[in-house]
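# Summary of structural features
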Amino acid sequence: MAVVLDIRPFSDTLFMYGEANSSTAFSLAGHVNISIAPTKSFLNRSRPTTRLLLRSLVITFEGQSEVITPVTGYAPVRLCSVSQELIRGDPIELSNEGLEYSTTPCSWDAVFDVRVPGWLPVTSTYGDADFEETGTRYALYATATCVLLEDGPSSFSLFNFCAPFCSRFRTVDAPQCPVTLRRVVEPPTEPSGSFPLAMYVVDTQKELNDMREGSSIPFSDVLGKIEVVACTPTAISMGETSLPFTLRLRAKDLTYSERERLKVTEFSIDIKQVEVYRNTTNEDYAGGFPIPSQRHQPPNKPLRSHHPVHMLCTVDAFQTAQPPKSSVGRSFSLLRKNSSGRYVIGGDGRIFTNTKKDPASLLEWYILDVDIPIAVEPYEVDWAGPCVRRMTESSPLFSVRHTLSVSIQCAYDLPEKEPDCRQLHFSLPLQQVCLLPPRPPSAGCDFSEASSGETQYGTSFARSLPAYSQLFHQNGERKIDLSTPLPLYRPPSVPVS
């Protein structure tokens, strides 16, 4: 007699909405299938009835992160471990009575609904490309504890023959069931299909502190009076191939003589992706989210599914070429291969000289609008593999951030000297996000007749349901749709007698 467990979630991908938040949680539901194969009998005798007492059935959702780099070495961390007991109260007796001669095993389903923390990082792969894939992974595990009950006294089976030598208490484990966690946001509601613009006022005085040495004092003072405002979307989806960018310049505090001598010749833009790999948990991340304590971390409590390098580390057989460092990073551009990010301003570059006669025009902005092309496929490779575009994310051992670097090339004419050229440089944060996948065109639910005669629901039934964030606010209050006005009040008509 064999007892087999099989974990069957309703979906192997869990979509988490919005930013990571320790006060939110998401539901991961499904069922654990318990099947019992019929007992084999000797000499073609009648098959005995199989009976067992199911005392415990625990479903566990566990997440882990592992990273390997040639500089930091190997580092593991347990992200979470959420367990749920599915047998509540008295043990449950399972039996195949009446189906002893069935060719298929008898099976039962135990439904589970695991509460997945909303602060967990997404599933991703990262680390040294020369090793087997490492990164952040999640899986479901199930363990059943049961007692095999004795068969009838008249039956003669292999189990009864070996019963004096075998223990009736059994612990059965199910094969792990991988689960993918994805973090998504609602698609933008703007008619253009883009996220709203964020406006950044650049502090030119602060940016000039690092470049005052070696430059003329008059030119530094002139640059410090230039007003710079940059506009970028609050977020950009991973499917976008360009980034809209607006740069506004104004010099209302300069005299006409200073505006006459000041030239803005060009500006350059670059989108940077910065990845950081660590061999210890990020303190800022650990302080903001409830990561399990050191008592539940390796090596005190090993991971359920660890990388093969873990065995080498336990015997100090895995060493880096140099003494390991606490972190290592890599940075690369996300611009297209044929794009330099350099934009030349036409004319002589004196963009502020058109305000001589009309003082009111001093308040006008010089506006530059560009669409920055983003690479679709990676074209660079290093120790961590292809330089793939990733979403902005953060985890205990790995983080990805994006910045928009802008450099404005300025020149200032000096009397009887060569023009003094300087660059005004600043960086803006970018947020790369994944959008909620579109709903299937069918809004109904599909039914299919299984071979056993049971009616099964298609997956489109669950996908057609609206997202929680569409019905409720983050604090749990129900959203009220005010776009559809109530009908106008009309007094009841009084019948004429």
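Reading the values: rules and limits
- Residues numbered from 1 in each chain as written.
- Predicted model: local features only at pLDDT ≥ 70, side-chain atom pairs only at ≥ 80, totals over all residues.
- Heavy atoms only, no water.
- Phe/Tyr/Trp six-rings, centres within 6.5 Å; stacked < 30°, edge-to-face > 60°.
- Helix = DSSP H or I, 4+ residues; strand = E, 2+ residues; numbered from the N terminus.
- Buried < 20%, exposed > 50% of the residue type's maximum accessible area, 1.4 Å probe, protein only.
- pLDDT = per-residue confidence, 0-100.
- Contact = heavy atoms within 4.5 Å.
- Salt bridge = Lys/Arg side-chain N within 4 Å of Asp/Glu carboxyl O.

The subject of this paragraph is the packing of aromatic side chains. Taken as a whole and judged by the stated rule, the model has 10 aromatic pairs. Ring centres of F61 and Y138 lie 5.6 Å apart, and the angle between their planes is 5 degrees; on these two criteria the pair is classed as stacked. With a gap of 77 residues between them, F61 in strand 4 (residues 51-69) and Y138 in strand 9 (residues 134-148) connect regions that are remote in the sequence. Taken individually, F61 and Y138 each receive the classification buried, so the pair is uniform in this respect. Counting every residue linked through ring pairs, the aromatic cluster contains Y126, Y277, W383 and F398.

Moving on to the confidence of the model for the chain. In this model, the chain carries an average pLDDT of 81, and 78% of its residues clear a pLDDT of 70 or more. Highest mean pLDDT in the chain belongs to strand 11 (residues 177-184) (95); lowest belongs to strand 27 (residues 455-457) (40). Below pLDDT 50 for its whole length, residues 442-463 participates in 22 contacts with residues either more than four positions away or in separate chains.

Inspection of the secondary structure assignment puts S65 in strand 4. Once you skip the residues sitting within four places of it in the chain, S65 turns out to touch A75, P76, V77, L79, Y126, G135, T136 and L397.

Let's shift gears to the pattern of salt bridges. A full pass over the atoms with the stated rule returns 16 salt bridges. The salt bridge partner of R304 is E62, with a shortest N-O separation of 3.1 Å. Here R304 is found in the loop between helix 5 (283-288) and helix 6 (309-314), whereas its partner E62 is found in strand 4, with 242 residues between them in sequence. Owing to a relative accessible area of 5%, E62 belongs among the buried residues under this scheme. Here R342 ties to E266 by a salt bridge, and the two come within 2.9 Å at their closest N and O atoms. In this pair, R342 is assigned in strand 18 (residues 342-344) and E266 in strand 16 (residues 262-278), connecting sequence segments 76 residues apart. Among the residues examined, E266 registers a relative accessible area of 19% and is labelled buried. A single salt-bridge network, built from bridges that share partners, covers E227, R250, K252 and D253.

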